[in-house]
Amino acid sequence: MRKIDTSVIEEAVYRAARHAGVNLTQSCRAALENAYATEDEGAAKFALGELIKNSSVAHEMEMPVCQDTGMAVVMLEIGNEVFLEGKPVGEAVNSAVKRAYADGYFRKSVCDPITRKNTADNTPAAIHTEIVPGDKIKLTFMPKGFGSENMSALYMLKPAQGVGGIIDAIVETVKKAGSRPCPPVYVGVGIGGTFDGCAYLAKKALTRDIGSHSERDDIADIEKRALERINALGIGCQGFHGKVTALGVSCEWAPTHIAGLPVAVNIQCHCVRCVKEEI
Amino acid sequence: MINLTLPLTKEQVRNLRAGDSVSLTGVILTARDCAHKRIKEYMEEGRQLPFELKDAIIYYAGPCPAKPGMASGSCGPTTSARMDSFAPALLDCGLGGMIGKGEMCGEVAEALKRNTAVYFAAIGGAGALYGNAIKKSECIAFDDLLSEAVYRLEVENFPAVVAMDCHGGNIYR
């Protein structure tokens, strides 16, 4: 049994939040540079160039790379040999988010769903915990903007629709979103599980590096085929028409019921921000 | 690149075509979801708005707080389609145009034509660049809405693209 005080989690979340609000992931920055090199002259290439410039300015001036500093998505994979001491883990995470969003001059974007009154400190965070083997804690912090979150969808397909149906669902979601989610997008896909679990798989897929592929060959093939078809749509950066509509497609899977084939498509804009730390 | 000083004359608006790259200098006002809901309430109740709508340019944006020594925090555009249902009424009241990101609906295109107004697309996600183009920022209405309040921004060389013009031109089509 390893004792960990939740103040250690709090400090890790704080550091992760401060870094994530300002910096794109390395794989995102590389994918944008790739897209810029690929794109023909025109409005889409111009916009990609500005986005690359923007990420450098944000880093140098330590200001948010996008003003939508998102809802704080926090995933904690906690080893079963860990004993947590101190304040409750949710309280520790929310305290870190509150401080990081104030100290970082980040926007507070969380509100009541009915009255729309802003909570004024960007809490509560969306916290997911999983118990895993071992005596460590794996923290993933991802600020999630909602221009892209709004364009996400979940489908309960028929098993007979199979791989073709899965790819159609992914491509159709991106097509329907068009210019609105800040393309080029990163597409996280959940395949299988239950209604709720499938959506979580899609969110987890977005925490993978852009360009990484599933260890399963058949799933990796879905990722590649979906990306090819998305980029054939021609939506391009900002909807200004071009070759690059998505930077990547990542799929996570889980076994599902014999009667169903859930597919969740979580859209992430080109501003991929994600920090991982092991405690 | 076409350099434009705000407010725009109708003559200038008529000369703009979807796809034109522009650089804007002058005053713009921010308003997004909650501010629009409130503007609509003011209009329905026949109350006078706390700011002038005529010839104004509304920027669909909610900025980050400014760091000490800066006029504004990061301030890129938000998705304009959420304001689709509000924009035509505002244009009919004299609004000169909007800045946002992504396509707006057919009713907005008609209202742009009817009122000789223009919809510009800013580059979504370039929050830090736009924050630096803002030289002065002041909250002028609905301050209880925090980042969704109406801010009066003085901008210099604010890059945008004409997305939907007053002749029915649409960069997304």
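1. Observations regarding the pairing of strand β9 (residues 261–268) of chain A
All names here are of chain A. Most of β9 is tucked away: eight of the eight residues are buried. Neither face of β9 is left uncovered, since the one carrying Leu261, Val263, Val265 and Ile267 and the one carrying Pro262, Ala264, Asn266 and Gln268 both have all their residues buried. The pairing of strand β7 (residues 185–192) with β9 spans six bridges and is classified as antiparallel. Residue pairing across strands places isoleucine 191 opposite valine 263, the latter belonging to β9.

2. Quick word on the domain arrangement of chain A
Reports of interface size often rely on the accessible area that becomes lost once the parts have come together. Residue and element names in this part refer to chain A. Parsing chain A into structural domains produces domain 1 (2–22 + 65–144) and domain 2 (147–272). Placing the centre of domain 1 and that of domain 2 at their C-alpha centroids yields a distance of 25 Å. In this assembly, nine residues from domain 1 lie in contact with seven residues from domain 2. Those elements giving two or more residues to the side of domain 1 that touches domain 2 turn out to be β2 (71–79) and β5 (137–144). The leading source of residues in the side of domain 1 that touches domain 2 is β5, at three residues. Across the side of domain 1 that touches domain 2, the residue classes tally to five nonpolar, two polar and two charged.

3. Examining the interface of chain B and chain A
The partner chain A presents 34 residues to the 35 residues of chain B that form the contact. Listed by contribution, the elements that provide at least two residues to the side of chain B that touches chain A are α5 (127–133) and β7 (150–164) of chain B. If you tally residues by element for the side of chain B that touches chain A, the top one is α5(B), at five residues.

4. Quick word on the sheet that holds β2(A)
Residue and element names in this part refer to chain A. Pairing within the open sheet is mixed, and its four strands lie in the order β4-β2-β5-β10. Each edge of the open sheet is held by one strand with a lone partner, namely β4 (126–132) and β10 (275–278). If you compare each strand with its neighbour and ignore which way they point, the axes differ by 15° on average. Where β5 lies against β10, four bridges are found, and the strand directions are antiparallel. Its bridge partner lying in β10, leucine 139 is registered against glutamate 277.

5. A few points about unusual backbone geometry
Outside of glycine, negative phi angles account for most residues, and trans bonds account for most peptide bonds. The linkage connecting A:Pro183 with the following residue, A:Pro184, adopts the cis geometry, with an omega of 5°. Structurally, A:Pro184 is set in the loop between α6 (162–177) and β7. Following B:Leu6, the chain continues into B:Pro7 via a peptide bond in cis, with omega recorded as 0°. With respect to the element layout, B:Pro7 can be found in the loop between β1 (2–5) and α1 (10–15). One non-glycine residue, A:Cys182, adopts positive backbone phi at about 65°. Summarising the element assignment, A:Cys182 is placed in the loop between α6 and β7. For A:Cys182, a count of 33 C-beta atoms within 10 Å gives the class buried. One non-glycine residue, B:Phe142, lies in positive phi territory at about 55°. By secondary structure assignment, the location of B:Phe142 is in the loop between β6 (134–141) and β7. In this structure B:Phe142 comes out as buried when scored by C-beta crowding, with 20 C-beta atoms within 10 Å.

6. Topic: the packing of helix α1 (residues 6–22) of chain A against helix α4 (residues 89–103) of chain A
Residue and element names in this part refer to chain A. Axis separation between α1 and α4 bottoms out at 8 Å; the angle between their running directions is 35°. Crossing of α1 against α4: the hand is right-handed. For the pair formed by α1 and α4, the contact residues are Thr6, Ser7, Ile9, Glu10, Val13, Tyr14, Ala17 and Arg18 on the first element and Val89, Ala92, Val93, Ser95, Ala96, Val97, Arg99, Ala100 and Asp103 on the second. For the contact of α1 with α4, the residue count by class is 10 nonpolar, three polar and four charged.

7. Observations regarding the confidence of the model for chain B
Overall, the prediction assigns chain B a mean pLDDT of 96, with 100% of residues at 70 or greater. Among the scores for the predicted complex, ipTM is 0.91 and pTM is 0.94.

The rules behind each value
Residues numbered from 1 in each chain as written. Chains lettered and ligands numbered in written order. Predicted model: local features only at pLDDT ≥ 70, side-chain atom pairs only at ≥ 80, totals over all residues. Buried ≥ 20, exposed ≤ 12 C-beta atoms within 10 Å, placed from the backbone. Helix = DSSP H or I, 4+ residues; strand = E, 2+ residues; numbered from the N terminus. Pairing = 2+ DSSP bridges. Domains from an automatic or database assignment. Contact = placed C-beta atoms within 7 Å. Nonpolar A, V, L, I, M, F, W, Y, C, P; charged D, E, K, R; others polar. Axes fitted to C-alpha atoms, helices over the stretch in contact; angles between N-to-C directions. Left-handed = near helix turned anticlockwise from the far one by under 90°. pLDDT = per-residue confidence, 0-100.

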